[in-house]
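Chain residues, written in single-letter form:
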Amino acid sequence: MSAKLKRTRGSGNVFADLGFCKAEAENLKLRAELMMHIEELYRKSGMTQAQAAEALGLTQPRLNALLKGKIGLFSLDALVNVAGRAGLNVRLVIRKAA
């Protein structure tokens, strides 16, 4: 049996594609991007979780939650603060929605 698959082009925001409202989808996308950059920085650092947590001003369990992608536990504001302590420059670009 050969069923034909239907493809749908994504919006560029997986959270919007999953049905979140525009505002929440954008917030989740920004949080996910920050979490990925912080995780990448941690992975490249060679530090233990305990060392990295201390450098980032977090507890080790909180850093572990970030590394596991537990996005619901982190606000955008908290992630911007962690990114700043990690030496990352976070910029916000605002433009009218298409």
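Attention in this report is confined to the structure presented alongside it. (Residues numbered from 1 in each chain as written. Predicted model: local features only at pLDDT ≥ 70, side-chain atom pairs only at ≥ 80, totals over all residues. Heavy atoms only, no water.)

1. Some points on the environment of L5
- Tracing the backbone through its elements, the reader meets L5 in the segment before α1 (14–17).
- Residues L5 and R43, spaced 38 residues apart in sequence, show a C-alpha to C-alpha distance of 38 Å. (Helix = DSSP H or I, 4+ residues; strand = E, 2+ residues; numbered from the N terminus.)

2. Considerations on the layout of surface pockets
- If you add up the space inside the largest pocket, you get close to 900 Å³.
- Forming the walls of the largest pocket are 24 residues, and the residues nearest its centre are E26, K29, L30, V93 and R95.
- Elements represented by at least two residues in the lining of the largest pocket include exactly α2 (22–45) and α5 (76–85).
- With eight residues, the single largest contributor to the lining of the largest pocket is α2.
- In terms of residue class, the lining of the largest pocket is built from twelve nonpolar, five polar and seven charged. (1 Å grid on protein atoms, 1.4 Å probe; cavity = no way out; pocket = protein on both sides within 12 Å on 5 of 7 lines; lining within 4 Å. Points joined across faces, edges and corners; volume = space filled by probe spheres on them. Nonpolar A, V, L, I, M, F, W, Y, C, P; charged D, E, K, R; others polar.)

3. Structural notes on α2
- With 24 residues, α2 extends 35 Å between its outermost C-alpha atoms, agreeing within 8% with the 34 Å of an ideal straight helix rising 1.5 Å per residue.
- Turning to α2, its buried residues are A25, L28, R31, A32, L34, M35, I38 and Y42.
- Contact partners of the buried residues in α2: α1, α3 (49–56), α4 (60–67) and α5.
- One or two positions beyond α2, positive phi appears at G46, with a value near 80 degrees. (Expected span 1.5 Å × (residues − 1). Buried < 20%, exposed > 50% of the residue type's maximum accessible area, 1.4 Å probe, protein only. Contact = heavy atoms within 4.5 Å.)

4. A few points about α5
- Burial in α5 covers these residues: L79, V82 and A83. Along the long axis of α5, the arc covered by the buried residues comes to 100 degrees, so they all point the same way.
- Looking at the buried positions of α5, the neighbouring elements they touch are α2, α3 and α4. (Arc of directions from axis to C-beta.)

5. Examining the pattern of salt bridges
- In this structure the tally under the stated criterion is three salt bridges.
- Salt-bridge contacts for R43 lead to E39; the nearest nitrogen and oxygen are separated by 3.1 Å. With a gap of four residues between them, R43 and E39 both fall in helix α2, about one helical turn apart. (Salt bridge = Lys/Arg side-chain N within 4 Å of Asp/Glu carboxyl O.)

6. Quick notes on the packing of α2 against α5
- Where α2 contacts α5, the two axes come as close as 10 Å, and the packing angle between them is 25 degrees. Between α2 and α5, the angle is such that the two are roughly parallel. In this structure, the crossing between α2 and α5 has a hand that is left-handed. Each of N27, L30, R31, L34, M35 and I38 in α2 lies in contact with α5, whose residues at this interface are L76, L79, V80, V82 and A83.
- Its residues assigned to classes, the contact of α2 with α5 shows nine nonpolar, one polar and one charged. (Axes fitted to C-alpha atoms, helices over the stretch in contact; angles between N-to-C directions. Parallel < 35°, antiparallel > 145°, perpendicular 65-115°, else oblique. Left-handed = near helix turned anticlockwise from the far one by under 90°.)

7. As for the packing of aromatic side chains
- This structure, assessed with the given rule, holds one aromatic pair.
- A centroid spacing of 6.2 Å and a plane angle of 70 degrees characterise the contact between F15 and F20, whose relative ring orientation is edge-to-face.
- Assessed through its relative accessible area of 39%, F20 is described here as partly exposed. (Phe/Tyr/Trp six-rings, centres within 6.5 Å; stacked < 30°, edge-to-face > 60°.)

All quantities given are derived from atomic positions and should not be read as evidence of function.
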